[in-house]
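The residues making up each chain are set out below.
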Amino acid sequence: ITPPADATLRIGPLYSDIGIAQSIGYRYIKLKGSGVDFLTGNSRGEYLRDGSDYPLVSSLTLNNYLIITRHMDLSLNISASYSHYPMETPEDETQIDLTDEGVFATFSSELQLSRDSRLLVYDDILYRTDYVDTQGLTDRYGGEEYEYVENAVGGVWDWMPSPFDNVAISASRTDAIPLTTAFTNQESVVYSEAASYQQAITRFWSAGLLGSFRQSLYEVESRSDIHMYSLSAFTAARLTRKLLGSASLGYQLSSYESGESAGRSSGSVSGGIGLEHEISESKSQKITYQRRQTEGFSGGVDV
């Protein structure tokens, strides 16, 4: 919990970043028929006639950050804009966007078990509404409303046998409860476990092994429970003072434990490569390529 570095206004524990913008543009539209629908932001509009226009867009953004206690904060971001079209090719429009609907809470405690080991235990609570397509990807225009509650309880144990290597073991349980009838097949209990070993080979290069396991148990009988296992080797290196490289290679196996596909399994090579450039202490840019198995939003396994 720290004050934001880019705040332009402070009133006691409230920090605010205010932005005002005005733009003018030119566009020419040619269309046939009675009109053409279009999508902009989160709203639907219609081009009424063709020809030239000079859009005048006024916008106001407010990013508010309130420090309540040393361990609690509140963030509220609002963006409002008004678009005026002098030639009336579409109608004028006003847009007001708030942050995503949701309630997020994290309770955690870190215990120093010994000089070389520590244990983190946590409980993450989430309530939110998403608009998703059939793959579970965000679709704010044509997606279905998906309201749900999710709770994740887990722990991570870290041990450093020496200053050059690290052993980590983690386990968690995640309960997902959909609040809309269209997504009853998402009600589930998911257990995840992982173990890794990492060693610093040189001052700028490290490598290690990672094993992870996942068991997804669903309430509806029409959806198969799925178990996933993976083992991989990974490495990371500082190529220059500002450039980091990473790579991994392994194998994943998925098996169906119930339903019509019970007993079926599929294996796949997994891996990835990435490059990260540190622009400053707080900013970076990254490009990655990754191939892996993931659980499908509505069932099955995707690569």
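Up top you'll find the structure we're talking about.
The structure contained in this document is the topic of the report that follows. Remember, it's a predicted structure, so these values are computed and weren't measured experimentally.

In this section: unusual backbone geometry. The backbone phi angle of Glu-88 is positive, close to 60°, even though this residue is not glycine. Its location among the elements puts Glu-88 in the loop between strand 8 (72–84) and strand 9 (93–98). By relative accessible area, which is 55% here, Glu-88 ends up exposed.

Right, let's get into the packing of aromatic side chains. Describing an aromatic ring pair means giving the distance of the ring centres and the angle of the ring planes. Within this structure, the stated rule accounts for seven aromatic pairs. Judged by centre distance (6.3 Å) and plane angle (70°), the ring pair of Phe-213 and Tyr-229 falls under edge-to-face. Within this pair, whereas Phe-213 is found in strand 15 (residues 205–218), its partner Tyr-229 is found in strand 16 (residues 226–238), the two being separated by 16 residues in sequence. By relative accessible area, which is 38% here, Phe-213 ends up partly exposed. Take Tyr-229: its relative accessible area is 33%, and that puts it in the partly exposed class. Three or more aromatic residues joined by ring pairs form one cluster here, namely Tyr-146, Tyr-148, Phe-183 and Phe-297. Taking NZ or CZ as reference, Arg-223 lies 3.9 Å from the ring centre of Tyr-218, over its face.

This next bit is on the nonpolar core. By size, the foremost hydrophobic cluster in this structure holds six residues: Leu-126, Val-132, Tyr-146, Tyr-148, Phe-183 and Phe-297. Put simply, the parts of the chain that give this core at least two residues each are strand 11 (117–132) and strand 12 (144–162). Excluding anything up to four places from it in sequence, Tyr-146 contacts Arg-128, Thr-129, Asp-130, Val-132, Pro-178, Thr-180, Phe-183, Gln-186 and Phe-297.

Across the sheet, which stays open at both edges, the ten strands sit in the order 10-11-12-13-14-15-16-17-18-19 with antiparallel pairing between neighbours. Strand pairing shows two members of the sheet lacking a second neighbour, strand 10 (102–114) and strand 19 (284–291), which therefore form its edges. The average undirected angle you get between the axes of adjacent strands in this sheet is 15°. When strand 13 (residues 165–178) meets strand 14 (residues 188–202), the two strands line up antiparallel, connected through twelve bridges. Among the inter-strand pairings, Ala-171 is bridged to a residue of strand 14, identified as Glu-193.

A few words now on the environment of Gly-51. Relative to the elements of secondary structure, Gly-51 occurs in strand 6 (residues 51–53). Once the C-alpha coordinates of Gly-51 and Tyr-28 are considered, the two residues, 23 residues apart in sequence, prove to be 5.4 Å apart. Setting aside residues no more than four positions away along its own chain, Gly-51 makes contact with Arg-27, Tyr-28, Ile-29 and Thr-89.

Moving on: the pattern of salt bridges. On inspection of all chains with the given rule, the structure shows eight salt bridges. With a shortest N-O distance of 3.8 Å, Asp-116 and Arg-115 are connected by a salt bridge. Note on Asp-116: relative accessible area 35%, which makes it partly exposed. The partner of Arg-223 in a salt bridge is Glu-295, with the nearest N and O atoms 3.9 Å apart. Remark: Glu-295 occurs in strand 20 (residues 294–295) and Arg-223 occurs in the loop between strand 15 and strand 16; sequence separation between them is 72 residues. Across this residue pair, the class does not change: Arg-223 and Glu-295 are buried. One salt-bridge network, in which partners are shared between bridges, spans Arg-214, Arg-223 and Glu-295.

On to the environment of Thr-235. Considering the arrangement of structural elements, one finds Thr-235 in strand 16. Thr-235 gets classed as partly exposed once you look at its relative accessible area, which sits at 26%. Separated by 37 residues in the primary sequence, Thr-235 and Gln-198 have C-alpha atoms spaced 8.8 Å apart. Not counting chain neighbours up to four residues away, the residues in contact with Thr-235 comprise Trp-205, Ser-206, Ala-207, Gly-245, Ser-246 and Ala-247. A polar side-chain atom of Thr-235 sits 2.9 Å from the main-chain carbonyl oxygen of Ser-206.

Relative to strand 13, strand 12 runs antiparallel, the two sharing 13 bridges. Bridge assignment links Trp-159 to a residue of strand 13, and that residue is Val-167.

Basis of the calculations
- Residues numbered from 1 in each chain as written.
- Predicted model: local features only at pLDDT ≥ 70, side-chain atom pairs only at ≥ 80, totals over all residues.
- Heavy atoms only, no water.
- Helix = DSSP H or I, 4+ residues; strand = E, 2+ residues; numbered from the N terminus.
- Buried < 20%, exposed > 50% of the residue type's maximum accessible area, 1.4 Å probe, protein only.
- Phe/Tyr/Trp six-rings, centres within 6.5 Å; stacked < 30°, edge-to-face > 60°.
- Lys NZ or Arg CZ within 6 Å of the ring centre and 35° of its normal.
- Core = buried A, V, L, I, M, F, W, Y, C linked by side-chain atoms within 4.5 Å.
- Contact = heavy atoms within 4.5 Å.
- Pairing = 2+ DSSP bridges.
- Axes fitted to C-alpha atoms, helices over the stretch in contact; angles between N-to-C directions.
- Salt bridge = Lys/Arg side-chain N within 4 Å of Asp/Glu carboxyl O.
- Polar contact = N/O pair within 3.5 Å; in protein donor to acceptor, adjacent residues only side chain to side chain.

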